[in-house]
Amino acid sequence: MGKSSTEEARLTAEILNNPKFQKMARQKSLLGWSFSAVMFSVYTAFIWIIGTRPDCMPQPLLDYLEQLSKRTFLLVEYGVESTCDRSLERIQRGHSYQTSVETIERTHAAGILVGAHLILGLPGESREEMLQHADRLSQLPITTLKIHQLQIIRGTIMAGEYQRDPSDFHLFTEEEYIDLIVDFVHRLRPDIVLERFVSQSPPALLLAPRWGWKNHEFTAKIRKALTATLQDSPK
């Protein structure tokens, strides 16, 4: 067994040190980097996705993006995060929901596709208030929506609040969150594209909730739950 391993190591070294093999490896590496550069150029030349805050879109910038959108694909995503001003004030977001409404409408009027980001589970929001986010966002001219659960990140003001009084927070179990998402989707305008249901922060930064499922597992379970509700609904 040792002799076989020694022979394999010798053959491997011969292959790696062979000038023809080294030349081929350099050519493949160059080709790979060249392809990556081409794809990056194509992406930046033809596809622009910009994420920002609703209070960070001055009219001169929006005018520039309007012209840019006539030459390339452009989607602007805004961090709405909640439609409840009470929640926005509590998390010190620095803007109101009305600011989101006005900025989204201005962006849409400029002929630009608009997306929104939303957090489900902010402290103080009832389940019904979270579902009402779907009703309110459905009234806005958005094309896409990214949702994620509330995550408590170490070292933040909210982490301190959570550690002092955890009872003020309702952190969903995986099953509770799936049930919420299913109900949320049923109240959302059907032509809005849902690009994300959950987000996972690095374990070293995450205080709570500690879920065990991966993003793709969540997506599969949500899809299964939505399919089941459609099958159970009256024909």
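Residues numbered from 1 in each chain as written. Predicted model: local features only at pLDDT ≥ 70, side-chain atom pairs only at ≥ 80, totals over all residues. Heavy atoms only, no water.

Asker: Explanation requested: the pattern of salt bridges in the structure shown.
Answerer: Opposite charge on two side chains lets them pair, provided their charged atoms get close. Applying the stated criterion across every chain, the model contains 11 salt bridges. One salt bridge in this structure joins Arg-93 and Glu-81, with 3.9 Å as the shortest N-O distance. Remark: Glu-81 occurs in strand β2 (residues 73-81) and Arg-93 occurs in the loop between α4 (85-90) and α5 (97-109); sequence separation between them is 12 residues. The pair formed by Arg-93 and Glu-81 is uniform in burial state, with each residue classed as buried. Of the charged contacts, one joins Arg-127 and Asp-183 as a salt bridge, the two residues approaching to 2.9 Å between their closest N and O atoms. Here Arg-127, found in helix α6 (residues 127-138), pairs with Asp-183, found in helix α8 (residues 174-187); they are 56 residues apart in sequence, far enough to count as distant. Residue Asp-183 is classed as partly exposed on the basis of its relative accessible area, which comes to 32%. Through salt bridges with shared partners, one network takes in Glu-77, Lys-146 and Glu-195. (Salt bridge = Lys/Arg side-chain N within 4 Å of Asp/Glu carboxyl O. Helix = DSSP H or I, 4+ residues; strand = E, 2+ residues; numbered from the N terminus. Buried < 20%, exposed > 50% of the residue type's maximum accessible area, 1.4 Å probe, protein only.)

Asker: So what exactly am I meant to see when it comes to the environment of Asp-179 here?
Answerer: Structurally, Asp-179 is set in helix α8. The exposure class of Asp-179 is partly exposed, given its relative accessible area of 46%. As a C-alpha pair, Asp-179 and Ala-225 span 46 residues in sequence and 8.0 Å in three-dimensional space.

Asker: How should the nonpolar core be read in this particular structure?
Answerer: A general feature of soluble globular proteins is that nonpolar side chains tend to end up buried together. Leu-120, Leu-137, Ile-142, Leu-145, Tyr-177 and Phe-184 are the most contacted members of the largest nonpolar core, which has 41 residues in total. Only α3 (59-69), β2, α5, β3 (113-120), α6, β4 (144-149), α8 and α9 (215-232) provide two or more residues apiece to this core. What Leu-137 contacts, discounting residues up to four positions off in sequence, is Val-80, Thr-83, Tyr-97, Leu-118, Ile-142, Leu-145, Arg-189 and Ile-192. Judged by nonpolar contacts, the second largest core, of 11 residues, contains Leu-122, Ala-159, Tyr-162 and Leu-207. (Core = buried A, V, L, I, M, F, W, Y, C linked by side-chain atoms within 4.5 Å. Contact = heavy atoms within 4.5 Å.)

Asker: I'm lost on the layout of surface pockets in this one. Help?
Answerer: In this approach the atoms are scanned with a rolling probe the size of a water molecule, which exposes any empty space left behind. Its volume calculated, the largest pocket comes out at about 300 Å³. What lines the largest pocket is a set of 14 residues, among which Ile-91, Leu-150, Gln-151, Thr-156 and Met-158 lie closest to the centre. If one sorts the elements of the lining of the largest pocket by residue count, helix α7 (residues 157-164) sits on top with three residues. Across the lining of the largest pocket, the residue classes break down as seven nonpolar, five polar and two charged. (1 Å grid on protein atoms, 1.4 Å probe; cavity = no way out; pocket = protein on both sides within 12 Å on 5 of 7 lines; lining within 4 Å. Points joined across faces, edges and corners; volume = space filled by probe spheres on them. Nonpolar A, V, L, I, M, F, W, Y, C, P; charged D, E, K, R; others polar.)

Asker: What is the right way to look at the sheet that holds β4 in this model?
Answerer: The strands making up a sheet are joined through hydrogen bonds of the backbone, oriented either antiparallel or parallel. In space, the five strands of this open sheet follow the order β1-β2-β3-β4-β6, with parallel pairing throughout. Sheet topology places β1 (47-52) and β6 (193-196) at the edges, where each strand pairs with a single neighbour. The sheet shows a mean angle of 25° between the axes of neighbouring strands, taken without regard to direction. Across six bridges, the pairing between β2 and β3 is parallel. Residue Glu-77 lies in a different strand from β3, and its bridge partner there is Gly-115. This element, α5, spans β2 and β3 of the sheet and lies at about 170° to β2. Contacting β3, β4 and β6, α8 crosses the sheet at an angle of about 155° to β4. (Pairing = 2+ DSSP bridges. Axes fitted to C-alpha atoms, helices over the stretch in contact; angles between N-to-C directions.)

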